[in-house]
Amino acid sequence: LLITDGYSNFGGSPINFAREMREQDGIQIVALGVTNDINRRELKGLSGHDVVTKIDQFDEFHELANLLLQANKVASNQNIDFMCHRDKSTYKDTCERVMTEEQKAQCVLGEWSNCVRKEDKCYKTQTCKLNGIVITKESLECKCPPCPAGEEEVAGSSACVLCSAGTYKPDDTGVCLLCPEGTVSDSGATKCYTEFDLVDSSGQSVVGAGEGILLYKAGTVCDDYFSNLAAAALCRKMNRPYSEASFRNGLIGWALQSKMEIKMDDVRCQSDVWSECTFSEIDNCSHSEDVILTCRGETETFTSDPAVVTKKASEDLTTTLTTPPYY
């Protein structure tokens, strides 16, 4: 059982190592996401499952801890024959059958918990503890809290689902919104990003030609298999000068790069046209391998008539900064 927010602090992504543990060693990994701000992509990569289990409130985590304690201690120390949490519909009756009268008398009901969503309904619970260990509990249906950021309520149900790709929800109010034109998002997003950007060490977009950190969905790009063709293809896709595009790897803004996910790896290009390139969104890199891209040379500027193409030297190209800095 791996309890984490899914964000790697150093050493690169653990996804490939986790895959080896599952496939070669036969180890089953259960990744439990804690807090609202979890890295769903990394949690899915660690567990190998498409579904992410997360804990939003302390009451849920507290309950899980108590159940684990119960499994280790109650059966032996309190002479209770089996666990009391297998079937919520018979929870109370099951526990009452195996508790002694003395244990019942010592059990003290606590306060009601916060209202917590369980699939398509919500419940608050009141636990009865013996020597600090949960022995039984009462459940009462309650009005569901709003769906968290990045999720919306299913019509006609109280269940929450992730916002679909291309939409976002910044807080726990309202429904998922379409991303503004020119921006993208993954499922479950709380904000939208420019698909590709070139930024300086402070997170400001580089204007026109120049060098900067290559970003994909507000994350960095690893240099595995990256080439000058890939550099040209991406400068061209961003409508920047590309005929003399080049790249290197490294850290030019550690304070910025270290806070970002590495969101693209294994970029392979057959030409300077991005549609002829392939890439992976699962990485095995560290930030020292981040692509530092330089866009220079000439660029193609397309008019409203797609048949008319003009070329402009990089020193004549100007770009308007329309996106906020990345923090």
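Within each chain, residue numbers correspond to sequence positions counted from 1 in written order. For a predicted model such as this one, the threshold for reporting local features is a pLDDT of at least 70, and the threshold for listing and counting side-chain atom pairs is 80 or more; totals across whole chains, interfaces and linings nevertheless cover every residue. Derived side-chain values reflect all non-hydrogen atoms in the structure, with water molecules and hydrogen atoms excluded from consideration.

Focus on the confidence of the model for the protein
Stated formally: Confidence of the prediction at every residue is given by pLDDT, a number between 0 and 100. In DSSP terms, a helix is any run of H or I states spanning at least four residues, a strand is any run of E spanning at least two, and both are numbered starting from the N terminus. Two residues qualify as a contact provided that any one of their heavy atoms is within 4.5 Å of a heavy atom in the partner residue.
Taken as a whole, the protein shows an average pLDDT of 76; of its residues, 71% reach a score of 70 or greater. Averaged pLDDT values over the elements of the protein bottom out at 37 in strand β22 (residues 309-313) and peak at 96 in strand β20 (residues 291-295). Low pLDDT, under 50, characterises residues 71-97; the stretch is placed with 37 contacts to residues that sit more than four places away or in other chains. Scored below 50 in pLDDT, residues 301-327 makes 44 contacts in the model with residues more than four places away or belonging to other chains.

Considering the pairing of strand β14 (residues 196-199)
The cut-off we apply is this: For the exposure calls, accessible area comes from a 1.4 Å probe over protein chains only, and a residue counts as buried if that area is under 20% of its type's maximum, exposed if over 50%, partly exposed in between. DSSP-based pairing: two strands are paired if at least 2 bridges between them are found.
Of the two faces of β14, the one holding Phe196 and Leu198 and the one holding Asp197 and Val199 are both buried throughout. In the sheet, β14 pairs with strand β15 (residues 210-216) via four bridges, with the strands oriented antiparallel. When the bridges of β15 are listed, Asp197 appears paired with Leu215.

Here we look at a nonpolar patch on the surface
Stated precisely, the cut-off is as follows: The residues that make up patches have over 30% relative accessible area and no salt bridge, and they are joined within 9 Å when like-charged or within 5 Å when they are Val, Leu, Ile, Met, Phe, Trp or Tyr. Accessible areas in this description were obtained via Shrake-Rupley with a 1.4 Å probe; residue shielding takes into account the shown protein chains only. Each reported salt bridge corresponds to a side-chain nitrogen of Lys or Arg within 4 Å of a carboxyl oxygen of Asp or Glu.
There is a patch of nonpolar side chains on the surface, built from Leu1, Ile3 and Val30 and spanning about 280 Å² of accessible area. With respect to the secondary-structure elements, Val30 resides in the loop between α1 (15-23) and β2 (31-34). Taking the relative accessible area as the measure of exposure, Val30 reaches 44% and is therefore partly exposed.

Here we look at the environment of Lys237
Take Lys237: it is sitting in helix α6 (residues 228-237). Between the C-alpha atom of Lys237 and that of Ser275, which follows or precedes it by 38 residues, the distance is 9.3 Å. The residues contacting Lys237, other than those within four sequence positions of it, are Glu195, Phe196 and Trp274.

Some points on the nonpolar core
Soluble globular proteins: nonpolar side chains tend toward being buried together. Let me state the cut-off plainly: Only buried residues count toward a nonpolar core, which is a set of Ala, Val, Leu, Ile, Met, Phe, Trp, Tyr and Cys residues joined through side-chain atoms within 4.5 Å.
Within the largest apolar cluster, 24 residues are counted, with the highest numbers of intra-cluster contacts made by Phe196, Leu214, Val221, Phe226, Val267, Trp274 and Leu293. Looking at this core, the element that brings in the most residues is α6, giving six residues. Leave out the neighbours within four places in its chain, and Val267 touches Val221, Asp224, Tyr225, Phe226, Ala230, Trp274, Thr278 and Phe279. Formed by six residues, the second largest nonpolar core is a distinct cluster that contains Val199, Ile213, Leu256 and Ile292.

Structural notes on the side chain of Lys169
Which entries qualify depends on this criterion: Counted charges follow a simple rule, with Lys and Arg positive, Asp and Glu negative, and His plus the chain ends left uncounted. Here a polar contact is recorded for every N or O atom pair within 3.5 Å, except that within protein the pair must consist of a potential hydrogen donor and a potential acceptor, and residues adjacent in sequence are included only if both atoms are side-chain atoms.
For Lys169, the position within the fold is in the loop between β10 (167-168) and β11 (177-178). In this structure Lys169 is buried but unpaired, with Asp171 as the nearest side chain of opposite charge at 5.6 Å. Polar contacts involving the side chain of Lys169 include one to the main-chain carbonyl oxygen of Pro148, which spans 3.1 Å.

A few points about the side chain of Asp290
Relative to the helices and strands, Asp290 is located in the loop between β19 (277-280) and β20. At a separation of 2.9 Å, a polar atom in the side chain of Asp290 contacts the side chain of His287. Aside from chain neighbours lying at most four places away, what touches Asp290 is Thr220, Val221, Arg248, Asn249, Gly250, Gln257 and Ile262.

Remarks on α6
Of the residues making up α6, those classed as buried are Ala230, Ala231, Ala232, Ala233, Leu234 and Cys235. In this structure, the buried side of α6 is in contact with β14, β15, β17 (246-249), β18 (262-269), β19 and β20. Looking one or two residues beyond α6, the residue adopting positive phi is Asn239, at roughly 60°.

So, the state of the cysteines
In a disulfide, the sulfur atoms of two cysteines are covalently bonded to one another. Under the convention used in this document: Cysteine sulfur atoms are paired as a disulfide whenever they come within 2.5 Å of each other.
Counting across every chain of the model gives eight disulfides. Cys115 shares a disulfide with Cys142; S-S distance 1.8 Å. Looking along the S-S bond of the Cys115-Cys142 disulfide, the torsion reads about 95°, which is the right-handed sense. With Cys115 in the loop between β4 (108-109) and β5 (116-118) and Cys142 in the loop between β7 (133-141) and β8 (151-153), this residue pair connects regions lying 27 residues apart in the sequence. Summarising the burial analysis for this pair, Cys115 and Cys142 share the class buried.

Quick word on the packing of aromatic side chains
Here the distance between the centres and the angle between the planes together describe a pair of aromatic rings. Applicable threshold: Any two rings among Phe, Tyr and Trp, with Trp reduced to its six-membered ring, count as a pair given centres within 6.5 Å; such a pair is stacked if its planes are under 30 degrees apart, edge-to-face if over 60, and tilted if neither. For a lysine, the NZ atom is tested; for an arginine, the CZ atom; a charge sits over a ring if that atom is within 6 Å of the ring centre and within 35 degrees of the ring normal.
Considering all chains together, one arrives at five aromatic pairs under this definition. Ring centres of Trp274 and Phe279 lie 5.7 Å apart, and the angle between their planes is 20°; on these two criteria the pair is classed as stacked. Given a relative accessible area of 35%, Phe279 falls into the partly exposed group. Each residue in the set Phe196, Tyr216, Trp274 and Phe279 is aromatic and connected to the rest through ring pairs, giving one cluster. The side chain of Lys124 reaches across the aromatic face of Trp112, ending 5.5 Å from its centre. Over the face of the ring belonging to Tyr225 we find Arg268, whose NZ or CZ atom lies 3.6 Å from the ring centre.

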